[in-house]
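# Summary of the model geometry
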Amino acid sequence: KAPDSQLFLSCGYEDPVQLSLLSKTSLGAAMKFCKMKNPTFCYSLSGKENASEEDKKEGNYENPHFSFPIETSLDRIVITKEGEKPPTL
């Protein structure tokens, strides 16, 4: 699912990370907590792992990723007009 925001931060990878059952459960709980605190947070841990063979052939699955709208992760955004010098940070 694509985030509603036009600009977002994302970290993705092709294959799921191999985790022990305890690690996978802990990470899943942490991701659900993040989603609860920030409903616009989007993630997938499994990728193709849980997709059917048909879905894999058609590309109907999400690669493992974490993403969220940029405005939820920054304390300020400065937009300058084209050709304008950006402010010193």
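Everything numeric in this text was worked out from a predicted model, so none of it was measured.

In terms of regular secondary structure, the protein chain is built from 2 helices and 3 strands. Mapped from its N terminus to its C terminus, the protein chain presents α and β elements in the order β-α-β-α-β. Its C-alpha atoms give the protein chain a radius of gyration of 17 Å, more than 25% over the compact-globule value 12 Å for 89 residues. Judged by the C-alpha coordinates and their principal axes, the protein chain covers about 50 × 30 × 20 Å. Here the protein chain holds 89 residues, and 18% of them are scored as buried. Of the contacts formed within the protein chain by residues at least 6 apart in sequence, a portion of 58% connects residues at least 24 apart. Accessible area for the protein chain stands at about 7300 Å²; split by element, carbon and sulfur atoms hold 56% of it.

Taken together, the 3 strands give an open sheet; going across it, the order is β1-β3-β2, and neighbouring strands pair in antiparallel fashion. Looking at which strands have only one partner, the edges of the open sheet turn out to be β1 (8–12) and β2 (42–44). Averaged over all adjacent pairs, the angle separating strand axes in this sheet is 5°, with direction ignored. The sheet contact formed by β2 and strand β3 (residues 65–69) spans 3 bridges and is antiparallel. Paired with C42 across the two strands is S67, which belongs to β3.

Here the focus is the confidence of the model for the protein chain. The pLDDT averaged across the protein chain works out to 82; a share of 94% of its residues lies at or above 70. The secondary-structure element of the protein chain with the lowest mean pLDDT is helix α2 (residues 53–58), recorded at 83, while helix α1 (residues 21–37) shows the highest, at 91.

Now for the pattern of salt bridges. Throughout the structure, instances matching the rule amount to 1 salt bridge. Linking E53 and K56 is a salt bridge whose minimum nitrogen-to-oxygen distance equals 3.5 Å. Of the two residues, E53 and K56 are both situated in helix α2; the distance of 3 residues between them amounts to about one turn of the helix. Taking relative accessible area as the criterion, E53 reaches 54% and is therefore assigned exposed. Since its relative accessible area comes to 31%, K56 is described here as partly exposed.

Cut-off values and rules
Residues numbered from 1 in each chain as written. Predicted model: local features only at pLDDT ≥ 70, side-chain atom pairs only at ≥ 80, totals over all residues. Heavy atoms only, no water. Helix = DSSP H or I, 4+ residues; strand = E, 2+ residues; numbered from the N terminus. Rg over C-alpha atoms; globule rule 2.2 N^0.38 Å. Buried < 20%, exposed > 50% of the residue type's maximum accessible area, 1.4 Å probe, protein only. Contact = heavy atoms within 4.5 Å. Areas by Shrake-Rupley, 256 points an atom, 1.4 Å probe, with all protein chains shown as cover. Pairing = 2+ DSSP bridges. Axes fitted to C-alpha atoms, helices over the stretch in contact; angles between N-to-C directions. pLDDT = per-residue confidence, 0-100. Salt bridge = Lys/Arg side-chain N within 4 Å of Asp/Glu carboxyl O.

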